[in-house]
Amino acid sequence: MKQLKLDLEPFYRFASEHVAVGIHAVDTKGKTILHNKKMRDIEGFDFEELADRSLLEMFRFDQEESTLLKVLQSGSPVLNAKQTYWNRKGQEITTINDTYPVVENGLLIGAIELARDVTTLEKVVYQPLKKYEEPITFNSITAVSASMKKVIATAEKAALAKLPVLLVGESGTGKELIAEAIHRAHADASSEMSILFSHGTTIGSIEQMSEEMKNKASGTVYCERIDMLNLPMQQKLLEMVKEHSGSDTYFIASVGEDPVELISAQKLLKELYYFFSAMAIPIQPLRRRKEDIIPFVLDYFSRHRLKFGSMVRHVDQQVEKLLLSYDWPGNLKELELLLDEITSLLTTEEIVSVDLLPYHFKMKTEKTGMHKPEDFIVQSNKELLPLEEYLLEAEIYYLQKAMDLHNGNVTKAAAALGMSRQNLQYRLRKIKKNEGQT
Ligand SMILES: Nc1ncnc2c1ncn2[C@@H]1O[C@H](COP(=O)(O)OP(=O)(O)OP(=O)(O)O)[C@@H](O)[C@H]1O
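Residues numbered from 1 in each chain as written. Predicted model: local features only at pLDDT ≥ 70, side-chain atom pairs only at ≥ 80, totals over all residues.

### Concerning the overall build of the chain
Stated formally: Only DSSP runs of H or I covering at least 4 residues are called helices, and only runs of E covering at least 2 are called strands; the numbering of each starts at the N terminus. Partly exposed residues are those falling between the two cut-offs: more than 12 but fewer than 20 other C-beta atoms within 10 Å of their own, whereas 20 or more means buried and 12 or fewer means exposed, with C-beta atoms placed from the backbone. By the criterion used throughout, residues are in contact when their C-beta atoms, derived from the backbone, lie within 7 Å.
Counting its secondary structure elements, the chain contains 19 helices and twelve strands. Here the chain holds 438 residues, and 29% of them are scored as buried. Considering only contacts within the chain whose residues lie at least 6 apart along the sequence, 67% involve residues at least 24 apart.

### A look at the site of the ligand
How we decide: Placing the C-beta atom from the backbone, one calls a residue near a molecule or strand if that atom lies within 6 Å of it. Just so you know the grouping, Ala, Val, Leu, Ile, Met, Phe, Trp, Tyr, Cys and Pro go in nonpolar, Asp, Glu, Lys and Arg go in charged, and all remaining residues, Gly too, go in polar. In this document the domain limits rely on a domain assignment from an automatic tool or a database.
Close to the ligand lie 18 residues; Ser171, Gly174, Lys175, Glu176 and Leu332 are nearest. When contributions to the shell around the ligand are tallied by element, the ones reaching two or more residues are helix H8 (175–186) and helix H15 (331–343). Grouping the constituent residues of the shell around the ligand by class yields five nonpolar, six polar and seven charged. Residues from two domains meet in the shell around the ligand; each of domain 2 (138–284) and domain 3 (290–357) gives at least three.

### Focus on the environment of Asp41
When you line up the elements, Asp41 lands in helix H2 (residues 37–43). Between the alpha carbons of Asp41 and Gly22 there is a distance of 8.3 Å; along the sequence they are 19 residues apart.

### Remarks on the pairing of strand E1 (residues 22–27)
The side chains of a regular strand alternate, residue by residue, between the two faces of the sheet. We count it as follows: Here, strands pair whenever DSSP counts at least two bridges between them.
Relative to strand E5 (residues 107–117), E1 is paired through six bridges, and the arrangement is antiparallel. Bridge assignment links Gly22 to a residue of E5, and that residue is Ala115. Direction of pairing for E1 relative to strand E2 (residues 32–35): antiparallel, over a ladder of three bridges. By the bridge assignment for E2, Val26 is matched with Thr32. The antiparallel hairpin formed by E1 and E2 contains four residues in its connecting segment, where Gly30 sits at a positive phi of about 85 degrees.

### Some details on the pairing of strand E7 (residues 193–196)
Heads up, the rule is: Call a crossover right-handed when, viewed with both strands pointing away from you, the route from the first strand across the helix to the second goes clockwise.
The pairing of E7 with strand E8 (residues 219–223) spans four bridges and is parallel. Along E8, the bridge assignment pairs Ile195 with Tyr222. The β-α-β motif built from E7, the intervening helix H9 (residues 203–214) and the parallel element E8 has right-handed crossover chirality.

### Describing the sheet that holds E7
The cut-off we apply is this: For every element, the axis is a line fit to its C-alpha atoms; helices are fit only across the contacting stretch, and the angle between N-to-C directions ranges from 0 to 180 degrees.
If you walk across this open sheet you meet the five strands as E7-E8-E9-E6-E10, and the pairing is parallel. Two strands in the sheet have a free side with no partner beyond their single neighbour: E7 and strand E10 (279–282). Adjacent strand axes in the sheet meet at a mean angle of 20 degrees when their direction is disregarded. The sheet contact formed by strand E6 (residues 165–168) and E10 spans four bridges and is parallel. Following the sheet pairing, Leu166 is matched in E10 by Ala280.

### Thoughts on the confidence of the model for the chain
Test applied: The predictor attaches a confidence to each residue, and that confidence, scored 0 to 100, is pLDDT.
On average, residues of the chain carry a pLDDT of 82, and 83% of them reach 70 or more. Both scores are available for the predicted complex, with the pTM at 0.60 and the ipTM at 0.97.

### Brief notes about the packing of helix H7 (residues 146–161) against H8
Keep this limit in mind: What sets the label is the angle itself: under 35 degrees gives roughly parallel, over 145 gives roughly antiparallel, 65 to 115 gives roughly perpendicular, and the rest give oblique. By convention the crossing between two helices is left-handed if the near helix lies anticlockwise of the far one by an angle smaller than a right angle, and right-handed if it lies clockwise.
Between H7 and H8, the least distance of the axes is 9 Å, while the angle of their chain directions is 40 degrees. Viewed along their axes, H7 and H8 adopt a mutual orientation that is oblique. Between H7 and H8 the crossing geometry is right-handed. Taking contact as the criterion, the partners of Val151, Ala155, Glu156, Ala158 and Ala159 in H7 are, on H8, Ile178, Ala181, Ile182, Ala185 and His186. Classifying every residue of the contact of H7 with H8 by side-chain character gives eight nonpolar, one polar and one charged.

### A look at the packing of H9 against helix H10 (residues 231–243)
At a closest axis distance of 9 Å, the pairing of H9 and H10 adopts a crossing angle of 5 degrees. The angle between H9 and H10 falls in the class roughly parallel. Judged by residue contacts, Ile203, Ile206 and Ser210 of H9 engage Pro232, Met233, Lys236, Leu237, Met240 and Glu243 from H10. In the contact of H9 with H10, the residues fall into six nonpolar, one polar and two charged.

### What about the nonpolar core?
The nonpolar side chains of a soluble globular protein tend to be buried, and buried together. Condition: Any nonpolar core is a set of buried residues, restricted to Ala, Val, Leu, Ile, Met, Phe, Trp, Tyr and Cys, that join up through C-beta atoms within 7 Å.
By size, the foremost hydrophobic cluster in this structure holds 37 residues, and its most contacted members are Ala155, Val165, Leu167, Ile178, Ile182, Cys223 and Ile252. Grouped together as the second largest cluster of nonpolar side chains are 21 residues, Leu286, Tyr300, Val319 and Val352 included.

So, in structure tokens, the structure goes:
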């Protein structure tokens, strides 16, 4: 039977106009040959406007930043590149782009960019996933290691006996979370936990809190990092806890180091320590209970799936190895921030692979590429680097330090460096790509 040859072009044309992915193709001169409706929506362009001019004239970002041009020059694809920019209509747009060279009969004939618009998703996901299901209970806490299981068991006992608790642990080990779980375990639903923050507290604010508590039937006061309060403030706090000790107010406090050492260094009032010491609960830093790392990641992913409907389930073996090899000086807080950053880049991925890890984390875990300040001193006995290479190395070092200082928070690091978040993200991506090529 004679096979009918179907002209597929109208179908391709229809599909490209109706698909939810932005498509932009250029020839080898950078001239636009395909720019579908979704891409027009994303970029705020009209096709007529774009068709007869070269890409360079039309786009506001410079040559270096256009991935299509880069791909035309290098002949290699650029995948999963996240871009945030303002389009022609002044809308802030975030896309994740895959850009491929198009080769026919061994000859480069152009490049094509496929853009997934994640602007709306980004707005939701950009909010860090800090909130657990309310209220926080002991079940909200990841506790797989023997030491964390002991923490939970002791905290449960303390809640039952209504004894004051002193949580001892480095920053980010979960002291506040445990305080909340203890509070929930013994308090009725209407009772609140007030926090006396270590920053910004004055003698006046302690007095005010004490007055407020007199008007409440019950409640919990969590005194965060009392070792950071000066001694007169600690004295005031001692008066407050003593005054309310017979009442229905329940006290929990935390310190960042061994309280005995703090007392001998005169950073903690002995009497204040005695008040809380009946139930002192030490919480190990994450580097001493690495068994909790992956379970925490999985718990985080499960909350992420529930909250944002994402697909993320696990990390691959290589990422697991990196997570376990790192020392986590910022403890769970640092791990949680890293996961906030990783998940903000996800769309449909189920497994997190190394290419989804932020650059600053890879730098921290991969020894290679770490430069020390002395590497940037010009030494007569060493060969000079070409200027461009030197500047790139210095940039890598400097941006990495800025990211470290701000716990990987791009917005904060960018503000400190006097540049926009987009600019910093672009530079970090550029470094990452350069790395990938070497
Ligand atoms: N075991 C855990 N399970 C689940 N989440 C945790 C755990 N430990 C810490 N977190 C999360 O890590 C983050 C930091 O924890 P938290 O604020 O309780 O630390 P902290 O010890 O009170 O820190 P700081 O001393 O700096 O106030 C929080 O968002 C918390 O929800």
